[in-house]
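Examining the three-dimensional arrangement
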Amino acid sequence: SYHTIFLEGVPKMKNDSRNEAKRLMILIDTLYDQDINLVMTADAPADQLYSGHDHKKEFERTVSRLLEMQSR
């Protein structure tokens, strides 16, 4: 029902935040697939948000999607 979602204060995540990283990946996948706009603030650029190793490869797709979703 929403065309835009605001997400504020996404922290940098390490391996001890793998559950949070997974939830963010699922959210980004859902928003991307449903063509929903995302306005997000974070503690780091997309490619530096997750430094853990458990979801490292999967998070690369999330970074790609976040970069693709960016606009001026």
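Reading the values: rules and limits
Along each chain, numbering runs from 1 in the same order as the chain's sequence is written. For this predicted model, a pLDDT threshold of at least 70 governs which residues receive local features, and a threshold of 80 or more governs which side-chain atom pairs are given and counted, while totals over whole chains, interfaces and linings are taken from all residues. Only heavy atoms go into the side-chain values, all of them from the structure, while hydrogens and water stay out. Helix and strand labels come from DSSP, where a helix needs a run of H or I of at least four residues and a strand needs a run of E of at least two; each type is numbered from the N terminus. Between the two quantities, the radius of gyration covers C-alpha atoms and the globule rule is 2.2 Å times the number of residues to the power 0.38. Any pair of residues with heavy atoms lying within 4.5 Å of one another is described as a contacting pair. We get accessible surface area from the Shrake-Rupley algorithm with a probe of 1.4 Å; when it comes to residues, only the shown protein chains can shield them. Known as pLDDT, the predictor's confidence for each residue is given on a scale from 0 to 100. Here, the term nonpolar core denotes a set of buried Ala, Val, Leu, Ile, Met, Phe, Trp, Tyr and Cys residues that are joined through side-chain atoms within 4.5 Å. Partly exposed describes any residue whose relative accessible area lies between the buried limit of under 20% and the exposed limit of over 50%, with all areas from a 1.4 Å probe on protein chains only and scaled to the type maximum.

1. Focus on the overall build of the protein chain
When you go through the protein chain residue by residue, the secondary structure sums to two helices and two strands. The linear arrangement of helices and strands in the protein chain, starting from the amino end, is β-α-β-α. Here the C-alpha radius of gyration of the protein chain, 12 Å, is about what a compact globule of 72 residues would show, namely 11 Å. Overall size of the protein chain, expressed as C-alpha extent along the three principal axes, is 35 × 20 × 20 Å. Sequence-distant contacts, at least 24 apart, represent 80% of the contacts inside the protein chain between residues at least 6 apart. Only carbon and sulfur atoms are counted for the fraction: they give 47% of the accessible area of the protein chain, which is about 5,400 Å².

2. Considerations on the confidence of the model for the protein chain
Across the protein chain, the average pLDDT comes to 94, with 99% of residues at 70 or higher. Ranking the elements of the protein chain by mean pLDDT puts helix H2 (residues 56-69) last with 94 and strand E1 (residues 4-10) first with 97.

3. Remarks on the nonpolar core
With 16 residues, the main nonpolar core has Met13, Leu24, Leu49 and Phe59 as its most contacted residues. When contributions to this core are tallied by element, the ones reaching two or more residues are helix H1 (18-33) and H2. In terms of residue count, the dominant contributor to this core is H1 (five residues).

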